Amino acid sequence: MVREVSESCVESLLAEIVLSYCSGFYANKPELAARRIEAIGFQVGHQLSERYTMDRPRFTDNLEAIKFICKDFWSELFKKQIDNLKTNHRGTFVLQDNRFRWLAHMSIDPSVQASGNIQDPSAMAENKSAQATGMHLYFPCGIIRGALSNLGIECAVSADISNLPACSFVIRIKA
């Protein structure tokens, strides 16, 4: 049985989660809001990975699991594969999506867009739209981290938005 949810519903839910945590629950604590949004994404990714891999054998190495995320997992979520996968073969992977669907309807002031790394949410405080876009990326980072955690891979995931709607997700596997 295939269960699908309208993409617009997911985008609206994500927008409401970000709004609730950034403007309501943790209005004065963006770092805490970011952690909570990422934790929700982690739960979603963990459960989706469980569902999508239940009929598959376990992956033998990290690269095989990352390829699963890029092809099968991403296809289930976004109806397309990751556009580019790069690795340094030492535990760091960069997943490039040239048209990340959840950012397709967003825009950022071009003067602020050049510094699009969301590792430090307080660095984007000057521009509310850049900060909101950065907050939207904690959810998919959590999804990736949760999916990989379910596959037995502990990692850290960050996102970079240097040219909307393109987005890069950097996965650093913990040794």
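What counts, and at which threshold
- Residues numbered from 1 in each chain as written.
- Predicted model: local features only at pLDDT ≥ 70, side-chain atom pairs only at ≥ 80, totals over all residues.
- Heavy atoms only, no water.
- Buried < 20%, exposed > 50% of the residue type's maximum accessible area, 1.4 Å probe, protein only.
- Helix = DSSP H or I, 4+ residues; strand = E, 2+ residues; numbered from the N terminus.
- Pairing = 2+ DSSP bridges.
- Axes fitted to C-alpha atoms, helices over the stretch in contact; angles between N-to-C directions.
- Contact = heavy atoms within 4.5 Å.
- Phe/Tyr/Trp six-rings, centres within 6.5 Å; stacked < 30°, edge-to-face > 60°.
- Expected span 1.5 Å × (residues − 1).
- Bend = angle between axes of the 7 residues up to and from the residue.

Chemist: Any details on the pairing of strand E4 (residues 166-173)? Residues and values, ideally.
Modeler: Of all eight residues in E4, seven are buried, a share of seventy percent or more. Examined bridge by bridge, strand E2 (residues 92-97) and E4 share six bridges and lie antiparallel to one another. From the neighbouring strand, Phe-93 faces E4, where its bridge partner is Ile-171.

Chemist: Tell me about the sheet that holds E4, and name the residues and values.
Modeler: With antiparallel pairing, the four strands of this open sheet are ordered in space as E1-E2-E4-E3. Each having just a single partner strand, strand E1 (84-87) and strand E3 (155-163) make up the two edges of the open sheet. Direction aside, the axes of adjacent strands within the sheet are offset by 20° on average. Across the face of the sheet, helix H3 (residues 62-78) comes into contact with E1, E2 and E4 while running at roughly 15° to E2.

Chemist: If you had to explain the packing of aromatic side chains to someone new, which residues and values would you point to?
Modeler: A complete count under the given rule lists eleven aromatic pairs for this structure. Ring geometry for Tyr-52 versus Phe-73: centroids 5.7 Å apart, planes at 70°, classification edge-to-face. Taken together, the positions of Tyr-52 in helix H2 (residues 30-53) and Phe-73 in helix H3 put the pair 21 residues apart, joining distant regions of the chain. Taken together, the ring pairs connect Trp-74, Phe-78, Phe-100, Trp-102, Phe-139 and Phe-169 into an aromatic cluster.

Chemist: Can you lay out H3 for me, pointing to particular residues and giving the numbers?
Modeler: If you check H3, its first and last C-alpha atoms are 22 Å apart, about what 17 residues at 1.5 Å a residue would give, namely 24 Å. Remark: the principal bend of H3, roughly 35°, maps to Ile-69. All of the buried residues along H3 are Ala-65, Ile-66, Phe-68, Ile-69, Cys-70, Phe-73, Trp-74 and Phe-78. Just downstream of H3 lies Lys-79, where phi reads positive at about 60°.

Chemist: Provide a residue-level description of the pairing of E1, including the pertinent values.
Modeler: Bridge count for E1 against E2 is four bridges, and the pairing is antiparallel. Following the sheet pairing, Leu-85 is matched in E2 by Leu-95. Between E1 and E2, which pair antiparallel one after the other, the connecting turn spans four residues, and His-89 there sits at a positive phi close to 60°.

Chemist: Tell me what's going on with H2, and back it up with residues and numbers.
Modeler: A rise of 1.5 Å per residue sets the reference length of H2, with its 24 residues, at 34 Å; its end C-alpha atoms lie 34 Å apart and thus fit the reference within 8%. Looking only at H2, the buried set comprises Pro-30, Ala-33, Ala-34, Ile-37, Glu-38, Gly-41, Phe-42, Gly-45, Leu-48, Ser-49 and Thr-53.

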